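# Fold and contact review
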Amino acid sequence: MRILYVEDEKFLADAVCHNLVKNGIDVDHSADGEDGLEKAVSNSYDCIVLDIMLPKLSGIEILERLREKKNSTPVIMLSALAEVEDKVRGLDSGADDYLAKPFKTVELIARINALLRRPSKMSEQILTFGDLSYDEKRKTLNGTELTAKEAKIICELIKANGRLISKEFLLGRIWGEDSYGDDNYIEVYISRLRKVMREVGARTQIKASRGLGYKLVEM
Ligand code: CA
């Protein structure tokens, strides 16, 4: 997949380009509107990501000219001004989607993938059970960031897919086989995880089984 990204803020552009490349997306970058339009008409891209406020030509002007030329490459507009007016103008000009700044690169990738109707690479890193969704890359459970040990525990529980896993197994996985980890540690982390799950409103629960271990249960 190859995209064109037109963005004049250097630091933002560098960071986003770096993350896109890391996720297997080839990206051409333009720092101003004229260069962006030039690249857009002389290359074939799977998607074009346009900032609105740009030197020389605005993102909306680029988009209008592309559509005049019957170029139907999917376009995602970006804007720091999270105003409805911008959004409406962008969509009126033929944008396929709109993302307000600041945004996370994962959001941008999700939008690109949605536009191209391709399975998201990111989804490979999402583990789910019931209404729980754990993002391995970001270490978040339903959007809430976890500590490293909480993350390891929920990861094992989700992978167990409702089967009971013992405290010994968890201790081994989290502190290493030959550690002197205490059962109580596990309980502390389990209670923290339960708190997170309550806070995110998850119906799935962690059930303890006679002190033997834990499992996830869909309620
Ligand atoms: Ca800008």
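So, a few notes on the structure that sits alongside this text. (Residues numbered from 1 in each chain as written. Predicted model: local features only at pLDDT ≥ 70, side-chain atom pairs only at ≥ 80, totals over all residues. Heavy atoms only, no water.)

## Considering the environment of Ala-208
Operational definition: Secondary structure elements follow DSSP: runs of H or I of four or more residues count as helices, runs of E of two or more count as strands, with numbering from the N terminus. Here, two residues are considered to be in contact whenever any of their heavy atoms come within 4.5 Å of each other.
Along the chain, the position of Ala-208 falls in strand S11 (residues 205-209). Those residues within four positions of Ala-208 in sequence are excluded, and the remaining contacts are Arg-194, Gly-213 and Tyr-214.

## With respect to the nonpolar core
Heads up, the rule is: Among buried residues, the Ala, Val, Leu, Ile, Met, Phe, Trp, Tyr and Cys ones that are joined through side-chain atoms within 4.5 Å form a nonpolar core. Classification of residues uses two cut-offs on accessible area relative to the type maximum, computed with a 1.4 Å probe and protein chains only: under 20% is buried, over 50% is exposed, and between them is partly exposed.
Ranked by size, the top nonpolar core spans 27 residues in total, and within it Tyr-134, Leu-141, Ile-154, Leu-157, Ile-158 and Leu-216 carry the most contacts. Within the residue set of this core, elements represented by two or more residues are strand S6 (126-129), strand S7 (132-135), helix H6 (148-160), helix H7 (167-175), helix H8 (183-199) and strand S12 (213-217). A per-element tally of this core places H6 first, with seven residues. If we ignore the near neighbours within four places in the chain, the residues touching Tyr-134 are Gln-125, Ile-126, Leu-127, Lys-139, Thr-140, Leu-141, Leu-146, Ala-151, Ile-154, Cys-155 and Ile-158.

## Observations concerning the coordination of the calcium ion
What counts, and what does not: We call an atom a donor if it is N, O or S and sits within 2.8 Å of the metal, or 3.2 Å for Na, K and Ca. Water is not counted, so some sites may look partial.
Within the protein, the atoms that donate to the calcium ion are Asp-8 (OD), Asp-51 (OD) and Met-53 (O), at distances of 2.1 to 2.3 Å. Read in sequence order, the donor residues coordinating the calcium ion give the pattern D-x42-D-x1-M. Here Met-53 lies in the loop between strand S3 (47-51) and helix H3 (59-68) and Asp-8 lies in the loop between strand S1 (2-6) and helix H1 (10-22), a separation of 45 residues in the sequence. Judged by its relative accessible area of 56%, Met-53 is exposed.

## Observations concerning helix H2 (residues 33-42)
Test applied: The arc in question is formed by the directions pointing from the helix axis toward the C-beta atoms.
Among all positions in H2, only Gly-33, Gly-36, Leu-37 and Ala-40 are buried. Down the axis of H2, the sector holding all buried residues measures 95°, keeping them to one side. Along its buried surface, H2 packs onto S1, strand S2 (26-30), S3 and H3.

## Quick notes on the pairing of S12
Here is the rule we go by: Whether two strands pair comes down to DSSP finding at least two bridges between them.
Direction of pairing for strand S10 (residues 165-166) relative to S12: antiparallel, over a ladder of two bridges. Bridged to Ser-166 within S12 is Gly-213. Relative to S12, S11 is paired through five bridges, and the arrangement is antiparallel. Of the residues in S12, the one forming a bridge with Lys-207 is Lys-215. Counting the residues in the hairpin turn of S11 and S12 gives three residues, including Arg-210, whose phi is positive at 45°.

## Notes on the packing of H2 against H3
For any two helices packed against each other, one specifies the inter-axial angle together with the distance between the axes. Heads up, the rule is: Inter-axis angles, ranging from 0 to 180 degrees, are taken between N-to-C directions of lines fitted to C-alpha atoms, where helices are fitted over the stretch in contact. Here roughly perpendicular refers to angles of 65 to 115 degrees, roughly parallel to angles under 35, roughly antiparallel to angles over 145, and oblique to all remaining angles. Should the near helix be turned anticlockwise from the far one by less than a right angle, the crossing is termed left-handed; should it be turned clockwise, right-handed. Charged residues are taken to be Asp, Glu, Lys and Arg, nonpolar residues to be Ala, Val, Leu, Ile, Met, Phe, Trp, Tyr, Cys and Pro, and polar residues to be all remaining types, Gly included.
The N-to-C vectors of H2 and H3 enclose an angle of 25°; their axes lie 10 Å apart at closest approach. Comparing the axis directions of H2 and H3 gives the class roughly parallel. Crossing geometry of H2 relative to H3 is assigned as right-handed. Contacts between H2 and H3 involve Gly-33, Leu-37, Ala-40 and Val-41 from the first element and Ile-62, Arg-65 and Leu-66 from the second. Looking at side-chain class alone, the contact of H2 with H3 contains five nonpolar, one polar and one charged residues.

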